[in-house]
Amino acid sequence: MMRKLVEECNNWGLMINIEKTKNLCVENDVNSLELNEGKEILGNREYTYLGVTFDDTGTDGKAIEKRITQAKQVIGCINSVFWSEEITKSRKMRVYEAM
């Protein structure tokens, strides 16, 4: 499959950037992929793409944990707003709904 991918990229005038390209095998051992020119695409156990972490288990557990942690941090930062007596209840509701 890798040979075919390289051929198709070449047909379209594209080149694979070996330094940026990563390989993630789901539910298999971490394997490197060899290209025709003797170059190698390294295998990984996890990979982050557009802020979402994918891992070799094929589940999204780590991504969910990361979002929960980020949400807790945000709530911790604005907790003083919710407990402040100087801020009206309607304004607190607006902040809550915006979150």
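Owing to the predicted nature of the structure, the values given are computational and were not obtained by experimental measurement. (Residues numbered from 1 in each chain as written. Predicted model: local features only at pLDDT ≥ 70, side-chain atom pairs only at ≥ 80, totals over all residues. Heavy atoms only, no water.)

A.B. asks: What am I meant to see in the overall build of the protein here?
C.D. replies: Each helix and strand counted, the protein has three helices and six strands in total. Counting helices and strands in the order they occur from the N terminus, the protein gives α-β-β-β-β-β-β-α-α. Taken against the 2.2 N^0.38 rule, which gives 13 Å for 99 residues, the C-alpha radius of gyration of the protein at 23 Å runs more than 25% over that of a compact globule. Projected onto its principal axes, the C-alpha coordinates of the protein cover approximately 70 × 30 × 20 Å. A fraction of 22% describes how many contacts in the protein between residues 6 or more apart in sequence connect residues 24 or more apart. With the model as given, the accessible surface of the protein reaches about 8,500 Å², and the carbon-plus-sulfur share is 54%. Here the protein contributes 14 positive and 16 negative side-chain charges, whose respective centroids are spaced 9 Å apart. (Helix = DSSP H or I, 4+ residues; strand = E, 2+ residues; numbered from the N terminus. Rg over C-alpha atoms; globule rule 2.2 N^0.38 Å. Contact = heavy atoms within 4.5 Å. Areas by Shrake-Rupley, 256 points an atom, 1.4 Å probe, with all protein chains shown as cover. Lys, Arg positive; Asp, Glu negative; His and termini not counted. Charge placed at Lys NZ, Arg CZ, Asp CG, Glu CD.)

A.B. asks: Sorry if this is basic, but what is going on with the pairing of strand β6 (residues 52–55) here?
C.D. replies: Looking along a regular strand, one sees side chains alternate from face to face of the sheet. Of the two faces of β6, the one holding Thr53 and Asp55 is buried and the one holding Val52 and Phe54 is not buried anywhere. Where strand β5 (residues 46–49) lies against β6, four bridges are found, and the strand directions are antiparallel. Bridge pairing in β6 places Tyr47 opposite Phe54. Here β5 folds back onto β6 in antiparallel fashion, the turn holding two residues, of which Leu50 has a positive phi close to 55 degrees. (Buried < 20%, exposed > 50% of the residue type's maximum accessible area, 1.4 Å probe, protein only. Pairing = 2+ DSSP bridges.)

A.B. asks: Help me understand the nonpolar core, please; the structure alone is not making it clear to me.
C.D. replies: Most often, soluble globular proteins keep nonpolar side chains buried together rather than apart. Counting residues in hydrophobic clusters, the biggest one holds five residues: Met2, Val6, Ile18, Leu35 and Ile41. Once residues lying within four places of it in the same chain are set aside, the contact partners of Leu35 are Met2, Val6, Ile18 and Ile41. (Core = buried A, V, L, I, M, F, W, Y, C linked by side-chain atoms within 4.5 Å.)

A.B. asks: Looking at this structure, I do not really get the packing of helix α2 (residues 61–83) against helix α3 (residues 89–98). What am I missing?
C.D. replies: Packed helix pairs are characterised by how far apart their axes lie and by the angle those axes make with each other. Two elements in contact, α2 and α3, have axes separated by 9 Å at closest approach and are oriented at 155 degrees. The angle between α2 and α3 places the two elements in the roughly antiparallel class. Here α2 runs over α3; the crossing is left-handed. Only Lys92, Val95 and Tyr96 of α3 make contact with α2, whose side of the interface consists of Ile78, Val81, Phe82 and Trp83. Counted by class, the contact of α2 with α3 contains six nonpolar, no polar and one charged residues. (Axes fitted to C-alpha atoms, helices over the stretch in contact; angles between N-to-C directions. Parallel < 35°, antiparallel > 145°, perpendicular 65-115°, else oblique. Left-handed = near helix turned anticlockwise from the far one by under 90°. Nonpolar A, V, L, I, M, F, W, Y, C, P; charged D, E, K, R; others polar.)

A.B. asks: How should the side chain of Lys92 be read in this particular structure?
C.D. replies: Structurally, Lys92 can be placed in helix α3. One buried charged residue, Lys92, forms no salt bridge at all, with the nearest opposite charge on Glu85 at 7.9 Å. Sequence-distant contacts of Lys92, that is, excluding residues within four places in its chain, are made with Val81, Phe82, Trp83, Ser84 and Ile87. (Salt bridge = Lys/Arg side-chain N within 4 Å of Asp/Glu carboxyl O.)

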